[in-house]
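This is what each chain is made of:
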Amino acid sequence: MIANDDVVDIWTIVVAAGSGSRFGGPKQFFDLRGERVVDRSVRIAAAHSAGVVVVLSAEVLEETGPSRLTPGSSTRVVVVVGSDTRSGSVREGLAAVPAEATVILVHDGARPLATDEVYERVLLAVAAGADAVVPVVPVTDTIRRRSGGVVDRADLVAIQTPQGFRAEALRAAHAAADDATDDATLVEAGGGRVVLVDGDSDNMKITDPSDLEIARLLLARRGETP
Ligand code: C5P
């Protein structure tokens, strides 16, 4: 647990080493109102962190060079090469987080619309003693099993990032080198306490080209320029 008088050193790992196979290309480098998707994700993470580790694929790093990250920010930014799986990419990022970090956030580079409010809710819950914090939104679709039968959606939530962790809990969870589609699942499997906080319906993961169009519209509605 993080005591109030501890100096909290927050680092964020932004994983952006996916191939974008469903998108048909590296979606994290497409333009979002004058800023690349990953650059926006990193810029917002940097506003809440002492340092950010950006995880990119070797191919992307070779083709595009390091991201034009956080101009004007005093936050440290480190770029590392990722791995074949999301969990593997998180582990590569984790290896670059300094030992003094007490809180580590993990964020999908493909979620450029994460808000400051979501970051704040996640960080507050970690400070209050959670091992892992997951922002969630209600499931609005009716969910049916392929094998038959509808699942009661009242008990279901869709998970988002940034997820927040007591640094030791995240390091311990990844020590076993297992794979999961998110990190809180690994912490929970090791007996850690997972707390849910409200996410944001705009905090979508850019998966299909139409998601990028929706993200552009949402930013235009907010009247945001980079
Ligand atoms: O594949 P998925 O949509 O779950 O990816 C979520 C995030 O994890 C994306 O930002 C993606 O770039 C990243 N990722 C990664 N390394 C992988 C696979 C996914 O960094 N091998």
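To be clear, the structure that these remarks concern was listed above.
First things first, this report covers the structure right here in the doc. (Residues numbered from 1 in each chain as written. Predicted model: local features only at pLDDT ≥ 70, side-chain atom pairs only at ≥ 80, totals over all residues. Heavy atoms only, no water.)

## Let's talk about unusual backbone geometry
- The residue after Thr161, namely Pro162, is reached through a cis peptide bond having omega 10°.
- As for its position among the elements, Pro162 is in the loop between strand 10 (157–159) and strand 11 (163–166). (Helix = DSSP H or I, 4+ residues; strand = E, 2+ residues; numbered from the N terminus.)

## Examining the site of the ligand
- Neighbouring residues of the ligand: 15 residues in total, closest Val15, Ala17, Gly18, Ser83 and Ser89.
- Contact distances for the ligand include 2.8 Å between an oxygen atom and a backbone N or O atom of Ala17.
- Contacts to the ligand include Asp84, whose backbone N or O atom sits 3.1 Å from a nitrogen atom.
- At a threshold of 2 Å from the grid points, most atoms of the ligand map onto the largest pocket.
- Of all the secondary structure elements, the ones that give two or more residues to the shell around the ligand are strand 1 (10–16) and helix 3 (86–95). (Near = heavy atom within 4 Å. Polar contact = N/O pair within 3.5 Å; in protein donor to acceptor, adjacent residues only side chain to side chain. 1 Å grid on protein atoms, 1.4 Å probe; cavity = no way out; pocket = protein on both sides within 12 Å on 5 of 7 lines; lining within 4 Å. Sits in = over half its atoms within 2 Å of the grid points.)

## Some points on the layout of surface pockets
- Taken as a whole, the largest pocket encloses approximately 610 Å³ of empty space.
- At the level of elements, strand 1 and helix 3 are the ones that each hand at least two residues to the lining of the largest pocket. (Points joined across faces, edges and corners; volume = space filled by probe spheres on them.)

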